[in-house]
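Report on the structure
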Amino acid sequence: MSHRLATGEARPRYPLTENRVQAWIMAHVHAEARPVSRAELTGASGSSRGKISAEVTRLVEAGLLVEEGLAQSEGGRRSSLLGIPRSAGLIAAIDIGATSIDVALTTLGSEILAHRDELADVRFGPQPVLGRVKELISELLEGQDASPRDILAIGVGVPGPVEQASGLLTVPPIMPGWDRFPMRDFFVGEYAAPVFVDNDANVMAVGEHWGGVGKGVDDMIFVKIGTGIGSGIIIGGRLHRGIQGCAGDLGHVSVDPNGPTCTCGNRGCLEAMAAAPAMVLEAERCIREGNSTVLADVLREQGEITARDIGEAARRSDYCASTVIRRSGALIGQTLAAVVSVLNPSLIIIGGGVSHIGNVLLAEIRSSVYQRSLPLATRNLPIVMSELDPLAGVVGASVMAAEGVFKAPS
Ligand SMILES: [Zn+2]
């Protein structure tokens, strides 16, 4: 990676650690998201107490760890607790959605310091969208009295498939103009920091697994339902990306070979039949056929219908709106049942903009999954709403970036 740095500017420290033990210590303290004692680190690592202690001392000297009070002790000397200080540096966490951008500054420990979100249209292409992202980062840095040099890593979630090796978006169906756009290079020059890019559902899964309802759950699936549909799969406590990085692309599983044409070019993909645009099309059909006065009124007042309006109409007992939501939920659940049969997860988390439209959707997904899976696979399978949403994306982007810069030099 080449960095064009102004004279006098600090060299990027990447990776941040000097060896595998240091990398493990930083990753462990980060994963715990609370102050950790040396004794606990030694116990969990399998390394000797002397080795851990020596590397902790070097990490404290490097400013990556700080002593934060004393551990509870049962006799003997009380050991101090270690945490990741704010002064270690910052992470810029970016969540690009089809219709919105979220930007956050976090500590290296992935604690959110400042956050901004606004509407955006990903179809305008990478330059205007990422240009605005850069402006937001600058504003957030100013608010924190920090400079671009304080940023140690940048994490980005995007609503399309990302080739892991290159970090490039690859033929993203709902992001025309972003195909193979060099996202990493876009930030080089202003930020002497490595850029980690991944699909938004993967990033949200990582966020929810680190600090949300999925914390401590080793086998889980995060499903994002919005303008598109995607999922992030955690197996054995780690994100499963697959060989190219596109594992979990639930939205382009075909549910009806004769269905409508999808943005990807195939027919009857789950996304084309159950995501927000498909729900809106169904709602518009209701209105045309005179089956929903509630939705007809909304359309007349606003000039358009959104998934949120359909949820609101369903809450007001509009039969057509409920049918539209139940149809989506059933299709999503049907597809998820196949995933459950293959992966046997212990938790399914539902997130994304459309997930907020109310309980009808969640209830329908649940009943569809439970109905179509073997009893053994669903005996202990909660299907719940995301806890971090709408911040799951920026939290996950921060976690992914932190884990990336902790990696030991190879
Ligand atoms: Zn498709």
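This one's a predicted model, so the numbers in the text were calculated from it and none came from an experiment.

Conventions used here
- Residues numbered from 1 in each chain as written.
- Predicted model: local features only at pLDDT ≥ 70, side-chain atom pairs only at ≥ 80, totals over all residues.
- Heavy atoms only, no water.
- pLDDT = per-residue confidence, 0-100.
- Contact = heavy atoms within 4.5 Å.
- Phe/Tyr/Trp six-rings, centres within 6.5 Å; stacked < 30°, edge-to-face > 60°.
- Lys NZ or Arg CZ within 6 Å of the ring centre and 35° of its normal.
- Donors = N, O, S within 2.8 Å, 3.2 Å for Na, K, Ca; no water.
- Tetrahedral: all angles 85-135°; square planar, octahedral: opposite > 155°, others 65-115°.
- Helix = DSSP H or I, 4+ residues; strand = E, 2+ residues; numbered from the N terminus.
- Buried < 20%, exposed > 50% of the residue type's maximum accessible area, 1.4 Å probe, protein only.
- Pairing = 2+ DSSP bridges.
- Expected span 1.5 Å × (residues − 1).
- Axes fitted to C-alpha atoms, helices over the stretch in contact; angles between N-to-C directions.

On to the confidence of the model for the protein chain. A residue-level look at the protein chain finds 95% of positions with pLDDT of 70 or above and a mean pLDDT of 92. Note that pLDDT drops below 50 for residues 1-11; the model gives that stretch 16 contacts with residues more than four away or on any other chain.

A separate point is the packing of aromatic side chains. This structure, assessed with the given rule, holds three aromatic pairs. Measuring from centroid to centroid gives 5.6 Å for Phe186 and Phe187, while their planes differ by 80°, and the two rings are edge-to-face. A network of ring pairs unites the aromatic residues Trp178, Phe181, Phe186 and Phe187 as a single cluster. Its guanidinium or amino end placed over the ring of Phe186, Lys134 lies 4.1 Å from that ring's centre, counting from NZ or CZ. The lysine or arginine in question, Lys215, covers the ring of Trp210, its NZ or CZ lying 6.0 Å from the ring centre.

Before going further, it helps to spend a moment on the coordination of the zinc ion. Only His252 (ND1), Cys262 (SG), Cys264 (SG) and Cys269 (SG) from the protein coordinate the zinc ion, and they sit 2.0 to 2.3 Å from it. Geometry at the zinc ion is tetrahedral, judged from its four donor atoms and the angles of 104 to 122° they form at the metal. On the primary sequence, the residues serving as donors to the zinc ion are separated as H-x9-C-x1-C-x4-C. Residue His252 is located in the loop between β13 (238-239) and α7 (270-274), and its partner Cys262 is located in the loop between β13 and α7; the two are separated by ten residues in the primary sequence. Given a relative accessible area of 6%, Cys262 falls into the buried group.

A separate point is the sheet that holds strand β3 (residues 80-83). An order of β1-β3-β2 is seen for the three strands of this open sheet, with the pairing classed as antiparallel. Each of the sheet's edge strands pairs with one partner strand only, and the pair in question is β1 (36-37) and β2 (66-70).

A rise of 1.5 Å per residue sets the reference length of helix α8 (residues 276-288), with its 13 residues, at 18 Å; its end C-alpha atoms lie 18 Å apart and thus fit the reference within 8%. Buried residues along α8 sit in contact with α7, α9 (293-302), α10 (307-315) and α11 (319-343). In the segment just after α8, Gly290 is the residue with positive phi, at about 70°.

Now for the sheet that holds strand β14 (residues 347-351). Spatial strand order, β13-β12-β11-β14-β15: five strands in an open sheet with mixed pairing. The open sheet is flanked by β13 and β15 (383-385), the only strands paired with a single partner. Of the pairings in the sheet, the one linking strand β12 (residues 229-235) to β13 comprises two bridges and is antiparallel in character. In the sheet register, Ile234 faces β13, and the bridge partner there is Leu239. Against the sheet, α11 makes contact with β11 (220-225), β12 and β14, and its axis sits at roughly 160° relative to β11, the strand it touches most. Its contacts with the sheet place helix α12 (residues 359-372) against β11, β14 and β15, and it is angled at close to 160° to β15.

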